[in-house]
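Remarks on the overall topology
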Amino acid sequence: MQIRTKNFKFKEERKEIVDCVRYMYSLLVPKSTYDKTIIIVESHKFRKEQYAAVAVPNKKNIHKYRILINQSLNRKKRLVSIAHELVHIKQWELGELGGTETYTIDGKLKKRTIWNDTKVVENDSHYYDWPWEIEAHGREYGLYYRYKERSLQMRRASAARKG
């Protein structure tokens, strides 16, 4: 796995993001998928504060993704947002979440997304009812707390060795 960070000011912040992505993503995908994935995590200034983060697949390299994180987020929200977007990357990598297309029917613009080989019309349901969002929202805090628990254990072990 390759991980890069962009536009983060502090070395410790960059180090934590890389460690967080490595750990959380390893919990989500098989090693063969983990090894071929490239993720760039970028601090980003969104025009509106409605976005915490967005995962963007690369059109030229199917295993490369960018996660754009709202630079105004605090540490906890940033890590939870990374977890959420990693679930979407897992969904793309494992073929659960497919492409999106827009079309017009009866003069209305519709958006359709492939989820587990089924076409889901996004306009016909609420964001929180889309199956890929149910999974991402359902797993984000579990991934965050597992990461925090692991980090605490590692700090305690390090302190005991120095002790």
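As a convention, each chain's residues are numbered from 1 in the sequence order in which they are written. Only residues with pLDDT of at least 70 are given local features in this predicted model, and only at 80 or more are side-chain atom pairs given and counted; all residues enter the totals for whole chains, interfaces and linings. Excluded from the side-chain calculations are hydrogens and water; all other atoms, namely the structure's heavy atoms, are used.

**Let's talk about the packing of aromatic side chains**
Only Phe, Tyr and Trp rings take part, Trp by its six-membered ring, and two of them pair if their centres are within 6.5 Å. Stacked means planes under 30 degrees apart, edge-to-face means over 60, and tilted covers everything else. Across all of its chains, the model carries nine aromatic pairs by this definition. Ring plane angle 45° and centroid distance 6.4 Å describe the contact between Tyr23 and Tyr147, whose orientation is recorded as tilted. Placement of Tyr23 in helix 1 (residues 11-28) and of Tyr147 in helix 4 (residues 131-162) is noted, with a sequence separation of 124 residues between them. When a residue's accessible area, from a 1.4 Å probe over protein chains only, is under 20% of the maximum for its type it is buried; when over 50% it is exposed; and in between it is partly exposed. On the basis of relative accessible area, Tyr23 is assigned to the buried category, the value being 17%. With 5.7 Å between their ring centres and 5° between their planes, Tyr65 and Trp92 make a pair best called stacked. With Tyr65 in strand 4 (residues 64-70) and Trp92 in helix 3 (residues 75-93), this pair connects stretches of sequence that are 27 residues apart. Only runs of H or I of at least four residues qualify as helices and only runs of E of at least two qualify as strands under DSSP, and these elements are numbered from the N terminus.

**Some thoughts on the pattern of salt bridges**
One speaks of a salt bridge when a side-chain nitrogen belonging to Lys or Arg is within 4 Å of a carboxyl oxygen belonging to Asp or Glu. Applying the stated criterion across every chain, the model contains 11 salt bridges. Between Lys31 and Asp35 there is a salt bridge, with its nearest N and O atoms 2.8 Å apart. Here Lys31 and its partner Asp35 are both found in helix 2 (residues 31-36), four residues apart, which amounts to about one turn of the helix. On the basis of relative accessibility, which here comes to 60%, the residue Lys31 falls in the exposed class. Glu135 is the partner of Lys90 in a salt bridge, and the nearest nitrogen-oxygen pair spans 2.7 Å. Of this pair, Lys90 sits in helix 3 while Glu135 sits in helix 4, and the two are 45 residues apart along the sequence. Bridged by salt links that share partners, the residues Lys90, Glu96, Glu135 and Arg139 form one connected network.

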